[in-house]
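Here is what each chain is made of, one letter per residue.
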Amino acid sequence: MSYRAPLARPAESRRWSYTRFQQRLAPYVFTSPFFILFAIFGLFPLLFSLFLAFHLWNPLDGLGNWKFVGFENFQLALDARDQFWVALKHTVWIGLLAGVPQHLVALPLAFVIHQFLRRWQGAISTVLFLPYITSAVAITIVFGMLYSERLGLLNYVLGLVGLDPVRWLAQPELVPYSVATVVFWRYVGWNVILYLSGLQAISEDVYEAATVDGASAWQKFRFITLPLLRPMMFYAFTLTIVGNMQLFEEPFILTGQGGGSGGAALTSAMHIFNTGFRDLDMGYASAMSWLLFLAIFVLSMVNNYLFSRDGGRS
Amino acid sequence: MKKALVSALAAALLLGQANAQEKVTLTVAAFPSLDSAIKAIIPAWTKLHPNVTIKLQAQEFADHHNAMTTALATGQGLPDVMALEIGYVGKFAEGQGLEDLNKAPYSAVASKKLFTPFTIAQATSADGRFIAMPTDIGPGTFFFRKDVLDKAGVNPVNMQRSWESYIASGKTIKAKTGAYLVNTAASVYNVIIRTNLKSGEGIYFDKNNNLLVGPDNARFVRAMTLSKQVRDAGLDAKIGEWSNEWYDAFKKGTVATQFSGAWLQGALQNWMAPDTKGLWRVQNLPERGFASWGGSFYAIPSKAKNKTWAWEFIKFMTLNQQSQITAFRDNGAFPALLAAQKDKAFSEPVDFLGGQKARVIWRDAAAKTQPIDVNKYDSVADQIMQTELTNVLEQGKDIKQALADARVQILRRAR
């Protein structure tokens with residue numbers, strides 16, 4: 001019987017069978033929506049922007065009317081006098097102002113909630129998570145009203161104490177702080193949640209053993225929590241770096257398209273948006289997008305390096 | 001020749017048939033508050049062309065223009081009629097996606113002289129294509145609070161004589177009433193760089209694309225110097241346009257003057273500060289400077305489906321006197337059509353301005369406004385100049401240095 005099988009098989013394989021479809025094709029069919037959507041909305045724009053980065057193109061001329069310029073767009077952006085650097089500087093500065101305090105507050109806060117407020121953890125998490133899921137536009141508009149120079153709550157309170165009104169969104173040196181505060185407020189809860197889930201993954205036994213050994217709360221935090229949380233910290237740091245380097249909504253709504261007084265809150269993403277959609281210089285905007293991608297990549301690698309080096313030591 | 005004649009005949013025949021029976025839906029994309037003017041005019045249009053339904057697609061100002069940019073880039077989702085605001089019309093004119101109305105079948109050359117002259121230049125590209133028909137304009141004047149000036153004992157005519165006398169009057173107003181002269185010192189800069197331009201000069205570039213910004217350009221030096229004087233004397237309230245503080249200042253009269261297009265009267269009366277009725281007046285800008293603040297246009301995308309009806313509709317909106325008056329009565333859209341400006345509505349007193357016959361002043365200002373050449377790098381230059389102006393006002397940067405730095409930066413980007 002067995003010698004017949006090879007003869008029968010080709011005939012069978014040519015015939016369409018439901019079982020065969022189930023086994024061979026169905027997985028591809030069922031996963032295809034992702035790949036199709038990714039190809040249209042992910043891969044194509046990516047490749048198109050890479051293509052545009054080497055061309056001079058005004059979108060109003062329509063598809064096809066582009067001019068190859070080689071590396072000119074990159075050279076333009078990388079020139080030391082270019083606005084690209086100013087915007088990148090603003091982005092990093094606002095990113096640091098918002099990002100560093102986020103983690104300095106979120107980590108101890110998560111620890112305190114985990115250790116002492118476990119009964120209310122659910123309620124607290126919900127409250128902390130709210131800013132993250134609320135629309136950035138709504139949040140920013142509310143903050144814009146708080147910051148308002150003559151009508152805002154902040155200056156009203158300062159007035160009660162007898163202080164002069166502060167121009168939160170008009171004085172160039174102050175603007176980055178005002179924007180960073182909104183970003184900080186919006187994402188600190190998100191980081192607390194990340195750290196809380198990290199903390200829950202740490203075995204209770206370790207803490208119990210430490211308690212038996214007479215460790216103080218600080219010692220537990222320093223020698224158990226921090227080292228064991230490192231993978232989560234790496235993750236949270238990476239998200240903050242990527243998110244803050246792409247900062248757009250908060251400064252855009254708070255200060256307007258130009259980044260407010262003196263362009264003090266003009267971030268890289270805003271500059272790219274303005275270049276593409278206001279100045280209609282798509283090639284230059286695309287080139288800057290790729291440079292921004294490179295900057296984020298390098299910063300993430302630095303973050304990665306710092307964490308892995310630290311890991312090797314301990 | 002024969003072939004052309006036959007096809008022309010066939011086209012005429014087809015069009016005749018289309019006119020007679022075919023149901024047509026014409027998409028018109030616009031932004032507020034132009035959409036409200038269109039809505040007001042649609043009934044008259046429907047009466048005339050019952051078979052042509054207007055589908056109005058209105059989006060917020062920036063969204064509308066971004067959507068139009070994307071539509072032109074991809075050739076997808078284009079409306080038949082595209083409204084454009086003055087800030088965008090220059091850029092869109094330099095692109096290749098809109099119909100040249102100089103050419104047949106539009107042949108708008110004859111219609112051009114029917115409009116306020118400077119608007120035609122705004123809608124004409126550097127290579128001479130005429131891409132949009134003007135519908136409304138924003139003749140520039142300045143609004144002032146008569147009650148505040150009276151209290152300070154300042155004669156408005158003095159404020160008009162020169163920028164120096166304007167600032168001097170501001171000092172009196174501030175001392176006597178505590179009111180600020182102007183919302184922001186940047187307003188003074190922005191007026192001066194836009195007025196009294198020589199023929200062939202744009203704001204930042206001349207008609208041969210040469211950059212005008214620099215430490216040797218008297219217009220920019222003066223604009224920054226006077227702006228800085230206003231700031232140093234504490235005469236500006238340091239508030240931006242379209243902010244809550246701005247509306248609040250209008251309501252409370254804490255700012256005495258405001259440079260603006262004629263449309264501000266409608267906005268003040270309708271929603272910004274209706275309670276201040278009768279307290280405002282308008283007059284020409286200092287040193288008889290004439291400038292335009294705003295304006296709207298209609299264009300036809302080259303890939304539009306229904307260009308014939310689109311052109312009919314645009315003509316109805318822009319060349320029909322009654323439509324122009326309807327838009328003017330609806331939301332104060334000042335007619336670009338000269339014939340419409342002769343309507344009796346223009347000699348009527350404006351109640352909100354204490355019965356002043358302000359429309360005559362605006363009409364006169366519109367007639368005297370000179371065409372300004374636009375350049376596709378205007379927005380780049382504008383962003384860089386606004387940043388340098390802040391450096392001058394906020395950080396005390398030397399004006400000549402700021403202008404030299406701006407020049408270097410703009411030249412790099414204008415390629």
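Residues numbered from 1 in each chain as written. Chains lettered and ligands numbered in written order. Predicted model: local features only at pLDDT ≥ 70, side-chain atom pairs only at ≥ 80, totals over all residues. Heavy atoms only, no water.

Some details on the overall build of chain B
Scanning chain B from N- to C-terminus turns up 18 helices and eight strands. Considered along the principal axes of its C-alpha atoms, chain B spans approximately 75 × 50 × 30 Å. By the burial criterion, 57% of the 415 residues in chain B qualify as buried. Within chain B, counting contacts between residues at least 6 apart in sequence, those at least 24 apart form 74% of the total. Of the roughly 17200 Å² that chain B leaves accessible, carbon and sulfur atoms contribute 53%. Seen as two clouds, the 49 positive and the 37 negative side-chain charges of chain B have centres 4 Å apart. (Helix = DSSP H or I, 4+ residues; strand = E, 2+ residues; numbered from the N terminus. Buried < 20%, exposed > 50% of the residue type's maximum accessible area, 1.4 Å probe, protein only. Contact = heavy atoms within 4.5 Å. Areas by Shrake-Rupley, 256 points an atom, 1.4 Å probe, with all protein chains shown as cover. Lys, Arg positive; Asp, Glu negative; His and termini not counted. Charge placed at Lys NZ, Arg CZ, Asp CG, Glu CD.)

Observations regarding the environment of Trp 362 of chain B
Residue and element names in this part refer to chain B. Summarising the element assignment, Trp 362 is placed in helix H16 (residues 358–368). Linking Trp 362 and Leu 72, residues 290 residues apart in sequence, is a C-alpha distance of 35 Å. When residues no more than four places from it in sequence are discounted, the contact partners of Trp 362 are Pro 139, Thr 141, Phe 143, Ala 262, Gln 265, Val 282, Phe 334 and Leu 353.

Quick notes on the layout of surface pockets
Residue and element names in this part refer to chain A. As a volume, the second largest pocket reaches approximately 870 Å³. Counting residues per element, the lining of the second largest pocket draws most heavily on helix H14 (residues 282–313), at eight residues. Across the lining of the second largest pocket, the residue classes tally to 20 nonpolar, eight polar and no charged. (1 Å grid on protein atoms, 1.4 Å probe; cavity = no way out; pocket = protein on both sides within 12 Å on 5 of 7 lines; lining within 4 Å. Points joined across faces, edges and corners; volume = space filled by probe spheres on them. Nonpolar A, V, L, I, M, F, W, Y, C, P; charged D, E, K, R; others polar.)

Considerations on the interface of chain B and chain A
Of the residues lining the interface, 33 residues belong to chain B; the matching set on chain A comes to 38 residues. A buried area of about 3000 Å², summed over both sides, lies between chain B and chain A, and 47% of it is on carbon and sulfur atoms. For the chain B face of the interface with chain A, the top three residues by lost area are Arg 412, Arg 413 and Arg 415 of chain B, together amounting to 25%. At the boundary of chain B with chain A, the tally comes to four salt bridges. With its nearest N and O atoms 2.9 Å apart, the salt bridge here joins Asp 82 of chain A to Arg 412 of chain B. Where chain B packs against chain A, one counts 18 residue pairs in polar contact (both at pLDDT 80 or more). Those elements that place two or more of their residues in the side of chain B that touches chain A are helix H3 (61–74), helix H4 (86–94), helix H12 (244–252), helix H17 (378–395) and helix H18 (399–413) of chain B. Of the residues assigned to the side of chain B that touches chain A, the class counts are nine nonpolar, 14 polar and 10 charged. (Buried area = accessible area lost by both parts, 1.4 Å probe. Salt bridge = Lys/Arg side-chain N within 4 Å of Asp/Glu carboxyl O. Polar contact = N/O pair within 3.5 Å; in protein donor to acceptor, adjacent residues only side chain to side chain.)

A short note on the side chain of Glu 245 of chain B
With respect to the helices and strands, Glu 245 of chain B occurs in helix H12. Here Glu 245 of chain B sits buried without a salt bridge, and the closest side chain of opposite charge, Arg 150 of chain A, lies 5.6 Å off (N-O distance). Discounting residues that sit within four places of it in the chain, Glu 245 of chain B has contacts with Ser 148, Glu 149, Arg 150 and Leu 151 of chain A together with Ile 239 of chain B.

Let's talk about the packing of aromatic side chains
Residue and element names in this part refer to chain A. All chains considered together, the criterion is met by 54 aromatic pairs over all chains. With a centroid separation of 6.1 Å and an interplanar angle of 70°, the aromatic rings of Phe 48 and Trp 57 are classed as edge-to-face. Note on Trp 57: relative accessible area 5%, which makes it buried. Taking the centre distance of 5.1 Å and the plane angle of 90° together, the rings of Phe 54 and Phe 71 count as edge-to-face. (Phe/Tyr/Trp six-rings, centres within 6.5 Å; stacked < 30°, edge-to-face > 60°.)

Side note on empty space enclosed by the protein
Sizing a probe to match a water molecule and rolling it over the atoms shows the empty space that remains. Taken as a whole and judged by the stated rule, the model has three cavities of 30 Å³ or more. Estimates place the volume of the largest cavity at around 60 Å³. In this structure, the largest cavity is lined by Leu 34, Ala 37, Ile 41, Thr 135, Asp 136, Tyr 298, Met 317, Gln 324, Ala 327, Ala 333 and Pro 335 of chain B. Secondary-structure elements contributing two or more residues to the lining of the largest cavity are helix H2 (34–48), strand E4 (133–145) and helix H15 (321–331) of chain B. No other element matches H2 of chain B, which puts three residues into the lining of the largest cavity. In terms of residue class, the lining of the largest cavity is built from eight nonpolar, two polar and one charged. Taken together, Gln 83, His 271, Asn 274, Thr 275, Arg 278 and Asp 279 of chain A together with Val 380, Gln 383, Ile 384 and Arg 413 of chain B make up the lining of the second largest cavity. Contributions of two or more residues to the lining of the second largest cavity are made by helix H13 (268–278) of chain A together with H17 of chain B. Take the lining of the second largest cavity: its biggest share by element is four residues, from H13 of chain A.

Some points on the confidence of the model for chain A
On average, chain A scores 88 in pLDDT, and the residues at 70 or more come to 94%. Confidence drops under a pLDDT of 50 for residues 1–8 of chain A, and excluding neighbours within four residues, the segment shows zero contacts in the predicted structure. (pLDDT = per-residue confidence, 0-100.)

Points about the nonpolar core
The nonpolar side chains of soluble globular proteins are, as a tendency, buried together. Residues and elements named next belong to chain B. Counting residues in hydrophobic clusters, the biggest one holds 81 residues, and the most contacted among them are Phe 92, Leu 268, Phe 313 and Leu 353. When residues of this core are assigned to their parent elements, the largest contribution, seven residues, is made by helix H14 (residues 307–318). Two domains share this core, each providing at least three of its residues, namely domain 1 (24–138 + 293–353) and domain 2 (140–291 + 371–414). Contacts of Phe 313, omitting those with residues within four sequence positions, involve Leu 26, Val 28, Ile 38, Trp 45, Ile 54 and Val 81. Core analysis: the second largest hydrophobic core is formed by 52 residues, Met 159, Tyr 204, Phe 205 and Leu 226 among them. (Core = buried A, V, L, I, M, F, W, Y, C linked by side-chain atoms within 4.5 Å. Domains from an automatic or database assignment.)

With respect to the packing of helix H5 (residues 121–133) of chain A against helix H8 (residues 175–200) of chain A
Residue and element names in this part refer to chain A. Where H5 contacts H8, the axes come no closer than 6 Å and their chain directions differ by 140°. Viewed along their axes, H5 and H8 adopt a mutual orientation that is oblique. As for how H5 packs across H8, the hand of that crossing is left-handed. The residues of H8 that touch H5, namely those facing Gln 121, Ser 125, Leu 128, Phe 129, Pro 131 and Tyr 132, are Trp 185, Arg 186, Tyr 187, Gly 189, Trp 190, Val 192, Ile 193, Leu 196 and Gln 200. Considered class by class, the residues forming the contact of H5 with H8 number 10 nonpolar, four polar and one charged. (Axes fitted to C-alpha atoms, helices over the stretch in contact; angles between N-to-C directions. Parallel < 35°, antiparallel > 145°, perpendicular 65-115°, else oblique. Left-handed = near helix turned anticlockwise from the far one by under 90°.)

Observations concerning the domain arrangement of chain B
How big an interface is tends to be reported as the loss of accessible area on association of its parts. All names here are of chain B. Taken as a whole, chain B is organised into domain 1 (24–138 + 293–353) and domain 2 (140–291 + 371–414). For domain 1 and domain 2, the distance between their C-alpha centroids amounts to 28 Å. At the interface, 13 residues of domain 1 touch 26 residues of domain 2. Of all residues in domain 1, Trp 293, Phe 352 and Leu 353 bury the most surface against domain 2, accounting for 55% of the area lost on that side. Connecting domain 1 to domain 2 are zero salt bridges. Inspection of the region where domain 1 meets domain 2 yields four residue pairs in polar contact (both at pLDDT 80 or more). Elements with a minimum of two residues in the side of domain 1 that touches domain 2: H4 and helix H6 (117–122). In terms of residue class, the side of domain 1 that touches domain 2 is built from seven nonpolar, three polar and three charged.

Structural notes on a nonpolar patch on the surface
All names here are of chain A. Together, Val 92, Trp 93, Leu 96, Val 100, Leu 104, Val 105, Leu 109 and Tyr 177 make up a nonpolar patch on the protein surface, roughly 700 Å² of accessible area in all. For the nonpolar patch, the leading source of residues is helix H4 (residues 83–116), giving seven residues. When you line up the elements, Leu 109 lands in helix H4. (Patch = residues over 30% accessible without salt bridge, like charges linked within 9 Å, V, L, I, M, F, W, Y side chains within 5 Å.)

Focus on the pattern of salt bridges
All told, the structure shown has 28 salt bridges over all chains when counted by the stated rule. Residues Glu 287 of chain B and Arg 222 of chain B are paired through a salt bridge, measuring 2.8 Å at the closest nitrogen-oxygen approach. With Glu 287 of chain B in the loop between strand E6 (280–283) and strand E7 (292–299) and Arg 222 of chain B in helix H11 (residues 218–232), this residue pair connects regions lying 65 residues apart in the sequence. Put simply, Glu 388 of chain B and Lys 397 of chain B hold a salt bridge, and the shortest N to O gap is 2.9 Å. Classification of Glu 388 of chain B as buried rests on a relative accessible area of 5%. Residue class for Lys 397 of chain B comes out partly exposed when judged on its relative accessible area of 23%. Overlapping salt bridges bring together Asp 79, Arg 81 and Asp 82 of chain A together with Arg 412 of chain B as one network.

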